[in-house]
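Chain residues, written in single-letter form:
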Amino acid sequence: MSSARVVVIGTGYVGLTTGACLASLGHSVVCADTDQAKIGRLTGGRIDILEPRLSELVTDGLEAGRLTCVGTAETAFGHLLRRAEIVFLCVPTPMGAGGLADLGILESVVKQIRETLPPGCTVVTKSTVPVGTATRLAQLLRRDDVSVVSNPEFLREGTAVRDFLHPDRIVVGSACREAAEQVAALYASLNAPVVLTDTASAELVKYAANCFLAMKLSYANAIAELCDRAGADVADVAEGMGYDRRIGQEFLAPGPGWGGSCLPKDTSALLQLADSMDFEFRLVRAAIDTNIRQHKRVVDKIREVVTGTRLGSLSQVRLALLGLTFKAGTNDLRDSPALAVAALLREAGAELVAFDPAVDPADSRAGLPFPVKDHAYHAACGADAVVVLTEWPEFRKLDWDRLATLVRTPAVVDTRNVLDVPAVVRAGFSWTGLGRPPRSAPATTVLPDHHAPESAPGPVGAPV
Ligand code: UDX
């Protein structure tokens with residue numbers, strides 16, 4: 001197939017990336033959403049999510065006439081749907097009661113469109129859905145002339161466009177081989193390996209892959225804890241492990257825990273699926289438990305740095321949190337480990353002030369229970385420790401000499417091991433990472449007067 005007529009329902013980060021990228025591959029794409037205001041913004045080339053190159057692809061698609069954005073309530077939507085060859089369903093499948101994905105939105109969309117779909121059309125699930133969903137949707141559709149295909153996405157936030165255009169693989173599952181090949185053909189120009197399979201296997205690939213990544217991260221965090229106790233350096237241990245091609249260098253960096261909109265949801269869903277089939281999936285359970293313990297470990301580490309003991313009180317302790325998003329390169333706060341750690345710190349009585357390059361202090365949508373400042377220097381005023389929770393590269397470029405004049409105590413807990421440690425200690429700070437030997441300021445350092453000013457610091461340079 002050279003160019004296909006595609007409709008994408010749902011313009012979240014998966015739907016919009018899918019639509020904009022398919023348009024860039026030459027297909028004729030309609031992106032539809034119930035949120036009319038969002039469609040209005042998209043039509044004007046404005047996108048709500050922070051995703052490199054996405055805005056550019058949307059604008060290019062609109063200008064070239066290959067991309068159209070439409071509200072599902074508009075009459076035009078019905079006309080466009082009637083001409084579709086392939087319809088992608090990219091609506092949210094949030095974690096429902098008991099950890100299983102909630103398919104309410106997906107099912108209601110199928111009921112809304114089933115009468116309108118043209119004969120011979122293919123409906124594709126792109127969102128992560130429980131194993132068996134494609135079969136269930138086929139029953140809901142009640143259309144023998146419409147095929148259902150599972151084509152899971154493997155997009156990471158922050159690199160979604162690159163991941164889409166340079167995929168490691170394309171997975172397509174269907175009971176109808178012809179429909180699966182029709183969907184695979186959409187990606188033909190990407191020259192990626194294609195796995196053609198049945199729907200249950202395609203649906204399971206997504207969970208199996210994401211849960212494996214979660215286990216790898218929990219393992220890396222546990223190894224970092226061991227390194228702390230054994231006096232080893234996790235950077236070297238991870239590098240040494242990663243050269244083994246069966247392991248690989250990626251996903252071995254310790255942190256405050258894994259989060260985001262996928263891994264927590266998918267690990268819970270796989271566990272539920274296994275439970276429902278009377279299989280106790282202990283590895284995945286352990287990965288989740290290790291992740292929850294990781295938040296607590298980070299809090300214990302902060303306690304130790306600030307009070308000298310893992311049992312010390314954090315009451316009245318002021319902490320400057322750098323980074324709130326679940327990882328760098330996104331403005332997504334969903335299931336962020338930084339927020340999980342912040343909640344525990346607040347419970348322990350700490351006073352928090354935060355800064356994140358992607359969180360606007362004036363945006364009340366974040367709904368955070370502590371103040372967010374517009375740069376790191378404001379957040380650090382009077383702090384008993386600076387705690388790095390997201391690996392924003394900007395934090396490496398902070399002026400630590402200047403920070404030393406603002407904080408009450410020059411201590412840094414770097415839960416992402418992201419800082420330029422020599423620069424930090426040269427400025428008189430102690431540095432504590434995860435799984436790496438702590439570093440203290442050289443004895444010769446002349447510490448500035450650490451009585452932090454009550455007022456905000458003067459003009460700042462880069463808005464870091
Ligand atoms: C993930 C999967 O990677 C992707 O394939 C899937 O389609 C959706 O879920 P995403 O949620 O965007 O993507 O985040 P990812 O980059 O995988 O990071 C997940 C979490 O692990 C983040 O909290 C991140 O900070 C953490 N992480 C990642 C680490 O702590 N260390 C690492 O080395 C890598």
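Scroll up to find the structure.
From a predicted model like this one, the values you see are computed outputs, not experimental measurements.

Definitions and cut-offs
Along each chain, residues carry numbers from 1 onward, in the same order as the chain's sequence is written. Restriction of local features to residues with pLDDT of at least 70 applies here, the model being predicted, together with a cutoff of 80 or more for giving and counting side-chain atom pairs; totals for whole chains, interfaces and linings are based on all residues. Only hydrogens and water are set aside when side-chain values are computed; all heavy atoms of the structure are taken into account. The nearness test applies per residue and asks whether one of its heavy atoms lies within 4 Å of the molecule or strand. Contacts described as polar in this section are N or O atom pairs within 3.5 Å, which, within protein, must combine one atom able to donate a hydrogen with one able to accept it, while residues neighboring in sequence count only if both atoms come from side chains. Note that accessible areas follow from Shrake-Rupley with a 1.4 Å probe, and for residues the cover is restricted to the protein chains shown. Helix numbers and strand numbers start at the N terminus; a helix is a DSSP run of H or I with at least 4 residues, a strand a run of E with at least 2. Three classes are used, and their members are as follows: Ala, Val, Leu, Ile, Met, Phe, Trp, Tyr, Cys and Pro are nonpolar, Asp, Glu, Lys and Arg are charged, and the others, Gly among them, are polar. Salt bridge, as applied in this entry: a Lys or Arg side-chain nitrogen positioned within 4 Å of an Asp or Glu carboxyl oxygen. Exposure categories follow from relative accessible area, calculated using a 1.4 Å probe and restricted to protein chains: below 20% of the type maximum is buried, above 50% is exposed, and the middle band is partly exposed. Only when DSSP finds a minimum of two bridges between them are two strands counted as paired. Think of each axis as a best-fit line through the C-alpha atoms, taken over the contacting stretch in the case of a helix, with angles from 0 to 180 degrees between the N-to-C directions. Note on definitions: a residue-residue contact is assigned when non-hydrogen atoms from the two residues lie within 4.5 Å.

K.L.:
Quick question: what am I supposed to make of the site of the ligand here?
P.N.:
Contacts to the ligand come from 19 residues, most closely from Glu 157, Ala 253, Phe 326, Lys 327 and Arg 416. In this structure, Glu 157 approaches the ligand through a main-chain N or O atom, which is 2.6 Å from an oxygen atom. Isolated, the ligand exposes 670 Å² of accessible area, and the fraction of that covered by the protein chains is 92%. Considering each element in turn, the shell around the ligand owes the most residues, four residues, to helix α9 (residues 199-230). For the shell around the ligand, a count of residues per class yields eleven nonpolar, two polar and six charged.

K.L.:
Just checking my understanding: could you explain the pattern of salt bridges for this structure?
P.N.:
When their charged atoms lie close together, side chains carrying opposite charge are able to pair. Applying the stated criterion to the full structure yields 24 salt bridges. Note that Asp 145 is salt-bridged to Arg 143, the shortest N-O span being 2.8 Å. On the basis of relative accessibility, which here comes to 17%, the residue Arg 143 falls in the buried class. As a salt-bridge pair, Lys 206 and Glu 153 come within 3.0 Å of each other at their nearest N and O atoms. Residue Lys 206 is found in helix α9, and its partner Glu 153 is found in the loop between β6 (147-150) and α7 (160-165); the two are separated by 53 residues along the sequence. We classify Lys 206 as buried; its relative accessible area is 3%. The structure contains a network of salt bridges with shared partners spanning Arg 156, Asp 163 and Glu 250.

K.L.:
Any chance you could explain the sheet that holds strand β11 (residues 385-388) here in plain terms?
P.N.:
Hydrogen bonding along the main chain pairs the strands of a sheet, whether they run parallel or antiparallel. Sheet architecture is open: five strands sit in the order β10-β9-β11-β12-β13, paired in parallel fashion. Each edge of the open sheet is held by one strand with a lone partner, namely β10 (351-355) and β13 (430-432). Across the sheet, the mean angle from the axis of one strand to that of its neighbour is 20°, orientation sign disregarded.

K.L.:
Would you explain the sheet that holds β6 in this entry?
P.N.:
Spatial strand order, β3-β2-β1-β4-β5-β6-β7-β8: eight strands in an open sheet with mixed pairing. Edge positions in the open sheet fall to β3 (67-71) and β8 (194-197), since each of these has one partner strand only. Across this sheet, the average inter-strand angle for adjacent strands is 20°, counted without regard to direction. Summarising the sheet, β6 and strand β7 (residues 170-174) pair through two bridges and their orientation is antiparallel. What sits directly across from Ser 150, in β7, is Gly 173. Contacts from helix α1 (residues 13-24) reach β1 (5-9), β2 (28-33), β3 and β4 (86-89) within the one sheet, and its direction differs from that of β2 by about 165°.

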